[in-house]
Amino acid sequence: MPDTYSPREMIERLIAFDTTSAGSNLELIAFVEDYLAGHGVASRRSSGEAKKANLFATVGPEVEGGVVLSGHTDVVPVANQAWVTDPFQVVEQDGKLYGRGTSDMKSFLAIALALVPRMLEAGIRVPLHLALSYDEEVGCLGVRSMIADIETALPAPRAVLVGEPTSMKLVNAHKGINAFVTRVTGKEAHSSQTHRSASAIMAAARLIGHLEQVAAEKRENGPFDERFEPPHTTVSVGTFEGGTALNIVPRHAHFVWEYRLLPGDDGAAIEAGFRALAEDHVLPSLRATAPEADIVTETISAVPPLRPESDSPAEDLVRHLSGTNLTDAVSFGTEGGLFQDAGFSTVVCGPGSIDQAHQPNEFIELSQVAACEDFLRKLIDWAANPA
C-alpha cells in the first residue's frame, strides 16, 4: 500500500526537513519523489545547484491547460531567534501549528501533496501540476530553471497558483524586489592626514544619503496605489560594513540595498540615478586623491512585480472556486512575477499570514489549513468535471 498522509501529518513531515536556504533541500525532494512514485506519479528534477533541486510532477493527463500549484521548499534561518519550541518539529497549541515554514510556505505544499490520492481517485481530466522550488528566500533563484523547463519540455498550463500566505485571499498584484550590493574602494591613511586619503565610508554615506532622498521622494510624491501597504515604492539599506579603526581613514566599505517596486513604477530610473551619482560625482571625488579608487554595484536579485491581468484565467478560476469577487495586493514578493513574465496567467493564494513569516515561533492557524484543504478539494472536483 502506498503511504498516505492527512494534511496535518504531511505538514509535520515537511517541517521536519531543515531546508534553510543556506543548506540543502535534497532530503525533502527525495521524500516527495518517493511518496509520489508510491502513488504511481512520476516527477522530474531541475537544478543548477549540486545540493538543491526543484521538483515538478503532473497528476492527471499529460496535456496542456493544467493548473500549477507552486511553492518553495526553502525557509529562512532560525539562528538568533527566540524560539520556544523546536522550529523543525510541529507543535500544536491553541488551534495553531508552530514550526519554521508552517506559514511560509510548506503548509500549502503539504496539503496539496496529501491530496494526491484524492486527485487520482477523482480521475481528473485537467492536469494538476505540483511545482516545488528552491532558494525563493534568497532571490527566487531555483524556480527560474523550472520555469524554463516548463516552457520548453512540458505541457503549457493555463494557470499558476502560487501558495504563499495570503490568508486564502485572492492576490493578483505584488511588488517587485531588486537587491544590490555596492562596494566602495578608497585609500587608507592616518586619520590626521585626510588630505592624503579617500574615505570609502564617506563616499558610501553620500550614496546612502541619495537612496534616503529617493525613498522620501517616493513616499511623498508616489506614484501611489492604495491597494498596497505602504502604497508606494520603498527603498532601504539592509547592511553596512566598512573601516578598520577610528584613526585609519577606511579603504573599504560595502552596503546592501534594495527597492520594492510598485507595479508600473520605473525601477530603471532608480538604478540609473544611483549609478550616475556614483560614476559622475562620488567616484571622481575619490579619485582626486586615489586614482585606484572604485565603486562597483552588483545586482543580487531581480524579482519582477505581479501585475493585475485584464483577462486572467488564473483569477477567473480562483473566483469560481472560492466564490469571491474580491482581489487583494501585497507588498511582499513571490515567484509569481517570474511565472507571469514567462507568459503564464498567475495569482497568489495560500494559507497562513505573512505576519508570521520569518518570525520566531512561526505558526499557521488550523482554520487556515482547513480552508486551504477545502479550496484544493474544490479544485480537484473542478479538474474532474471542468465547467
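Look up a bit, the structure's there.
Keep in mind that this is a model prediction, so the values were computed, not measured. (Residues numbered from 1 in each chain as written. Predicted model: local features only at pLDDT ≥ 70, side-chain atom pairs only at ≥ 80, totals over all residues. Heavy atoms only, no water.)

What to know about the overall build of the protein
- Regarding its fold elements, the protein presents 10 helices and 17 strands.
- Computed over the C-alpha atoms, the radius of gyration of the protein is 24 Å, within 12% of the 21 Å expected from 2.2 N^0.38 for a compact globule of 387 residues.
- Once the C-alpha set of the protein is aligned to its principal axes, its extents read approximately 80 × 45 × 40 Å.
- Burial statistics for the protein: of 387 residues in total, 53% are counted as buried. (Helix = DSSP H or I, 4+ residues; strand = E, 2+ residues; numbered from the N terminus. Rg over C-alpha atoms; globule rule 2.2 N^0.38 Å. Buried < 20%, exposed > 50% of the residue type's maximum accessible area, 1.4 Å probe, protein only.)

Thoughts on the sheet that holds strand S14 (residues 294-303)
- Within the open sheet, the four strands sit side by side as S11-S13-S9-S14. Their pairing is antiparallel. Because the sheet does not close on itself, it has two edges, and the strands there are strand S11 (234-242) and S14. Going from strand to strand, the sheet's axes swing by 15° on average, the running direction of each strand aside.
- In this structure, S11 lies alongside strand S13 (residues 252-261), joined through eight bridges in antiparallel fashion. Residue pairing for S13: Ser-236 is matched across the bridge by Glu-258. (Pairing = 2+ DSSP bridges. Axes fitted to C-alpha atoms, helices over the stretch in contact; angles between N-to-C directions.)

Let's talk about the environment of Ala-200
- Inspection of the secondary structure assignment puts Ala-200 in helix H6 (residues 200-221).
- Look at Ala-200 and you get buried, because its relative accessible area is 0%.
- Residues Ala-200 and Ala-253 lie 53 residues apart in sequence; the distance between their C-alpha atoms is 5.4 Å.

Details of the packing of helix H8 (residues 313-322) against helix H10 (residues 366-384)
- For the pair H8 and H10, interaxial distance at closest approach is 9 Å and the crossing angle is 110°. The angle between H8 and H10 falls in the class roughly perpendicular. Across the interface between the two elements, Leu-317, Val-318, His-320, Leu-321 and Ser-322 from H8 touch Phe-375, Lys-378, Leu-379 and Trp-382 from H10.
- Tallied by class, residues from the contact of H8 with H10 come to six nonpolar, two polar and one charged. (Parallel < 35°, antiparallel > 145°, perpendicular 65-115°, else oblique. Contact = heavy atoms within 4.5 Å. Nonpolar A, V, L, I, M, F, W, Y, C, P; charged D, E, K, R; others polar.)

Things to note about the sheet that holds strand S5 (residues 96-98)
- Judged by pairing direction, the sheet is antiparallel, and its three strands sit side by side in the order S4-S5-S17 without closing on themselves. At either end of the open sheet lies a strand with only one pairing partner, and these are strand S4 (91-93) and strand S17 (363-365). For this sheet, the mean angle separating the axes of adjacent strands, direction not counted, is 25°.
- One ladder, built from three bridges, connects S5 with S17; its direction is antiparallel. Residue Tyr-98 lies in a different strand from S17, and its bridge partner there is Phe-363.
- Against the sheet, helix H3 (residues 102-114) contacts S5 and S17, and its axis sits at roughly 55° relative to S17.

Structural notes on the pattern of salt bridges
- Using the criterion set out here, one finds 15 salt bridges in the structure.
- Residues Arg-44 and Asp-149 are paired through a salt bridge, measuring 2.9 Å at the closest nitrogen-oxygen approach. Separated by 105 residues along the polypeptide, Arg-44 in strand S1 (residues 43-46) and Asp-149 in helix H5 (residues 143-153) bring together distant segments of the chain.
- Salt bridges linked by common partners bring Arg-8, Glu-12 and Glu-92 together as one network. (Salt bridge = Lys/Arg side-chain N within 4 Å of Asp/Glu carboxyl O.)

Some thoughts on unusual backbone geometry
- Looking along the chain, the bond that leaves Asp-104 and enters Met-105 is cis, with omega of -15°.
- Checked against the element boundaries, Met-105 lands in helix H3.
- With an omega of 15°, the peptide bond running from Gly-222 to Pro-223 counts as cis.
- For Pro-223, the position within the fold is in the loop between H6 and S11.
- We note that Asp-94 has phi near 55°; this positive angle belongs to a residue other than glycine.
- When you line up the elements, Asp-94 lands in the loop between S4 and S5.
- Unlike most non-glycine residues, Ser-167 shows phi in positive territory, near 60°.
- When you line up the elements, Ser-167 lands in the loop between strand S7 (159-162) and strand S8 (171-174).

Taken by themselves, the reported measurements are silent on function.
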